[in-house]
Amino acid sequence: IPSPGLLTAARTPAVVLSALTAALVLLIGVEARGLGVGLTAGLLLAAHPLLLLHGRRAMGEAPMLWASALVMLAGIWLGRRLAAGRPGWRGWP
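Residues numbered from 1 in each chain as written. Predicted model: local features only at pLDDT ≥ 70, side-chain atom pairs only at ≥ 80, totals over all residues. Heavy atoms only, no water.

Caption draft 1: Just the environment of Arg80, in detail. Mapping Arg80 onto the fold places it in helix H4 (residues 61–83). By relative accessible area, which is 41% here, Arg80 ends up partly exposed. Sequence separation between Arg80 and Arg56 is 24 residues; the distance between their C-alpha atoms is 34 Å. Residues contacting Arg80, with those up to four places away along its chain left out, are Glu31, Ala32 and Arg86. (Helix = DSSP H or I, 4+ residues; strand = E, 2+ residues; numbered from the N terminus. Buried < 20%, exposed > 50% of the residue type's maximum accessible area, 1.4 Å probe, protein only. Contact = heavy atoms within 4.5 Å.)

Caption draft 2: A nonpolar patch on the surface, seen in detail. A cluster of nonpolar side chains, contributed by Val30, Leu35, Leu39 and Leu43, occupies part of the molecular surface with about 360 Å² of accessible area. No other element matches helix H2 (residues 35–46), which puts three residues into the nonpolar patch. Positionally, Val30 belongs in helix H1 (residues 4–33). (Patch = residues over 30% accessible without salt bridge, like charges linked within 9 Å, V, L, I, M, F, W, Y side chains within 5 Å. Areas by Shrake-Rupley, 256 points an atom, 1.4 Å probe, with all protein chains shown as cover. Salt bridge = Lys/Arg side-chain N within 4 Å of Asp/Glu carboxyl O.)

Caption draft 3: Structural view of the environment of Ala84. Secondary-structure assignment places Ala84 in the segment after H4. Take Ala84: its relative accessible area is 52%, and that puts it in the exposed class. For the pair Ala84 and Leu70, spaced 14 residues apart in sequence, the C-alpha separation works out to 21 Å.

Caption draft 4: Representation of the pattern of salt bridges in the model. Per the stated rule, a full pass over the model turns up one salt bridge. The partner of Glu31 in a salt bridge is Arg80, with the nearest N and O atoms 2.7 Å apart. Here Arg80 lies in helix H4 and Glu31 lies in helix H1, a separation of 49 residues in the sequence.

Caption draft 5: Layout of the environment of Leu20. Positionally, Leu20 belongs in helix H1. Residue class for Leu20 comes out partly exposed when judged on its relative accessible area of 39%. Along the primary structure Leu20 and Ala46 are separated by 26 residues, whereas in three dimensions their C-alpha atoms are 9.8 Å apart.

Caption draft 6: A look at the side chain of Ser18. Its place among the elements puts Ser18 in helix H1. A polar contact is formed between the side chain of Ser18 and the backbone oxygen of Ala14, at a distance of 2.9 Å. In this structure, Ser18 is in contact with Leu51, Gly55 and Ala62, ignoring residues within four places of it in sequence. (Polar contact = N/O pair within 3.5 Å; in protein donor to acceptor, adjacent residues only side chain to side chain.)

Printed below as a string of structure tokens:
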């Protein structure tokens, strides 16, 4: 059985990424439909039992959720940028 210090060191990134995922989902909701939807989505994810269960374990769920939310947010931003007639990634400020 690992020591408590090792468990804490292994679990800390998962907890941080879980919290960041909730923040990214909030931003996705704001970008999609406004502040009300963003707050609702972020709070629902932050209070979801599966996120609370797996978000504190040193496993792969938290990084996968964070990366998925980050890609979705980047896709929304890029799509809006392209729809506005601005260049894609190469013209990114």
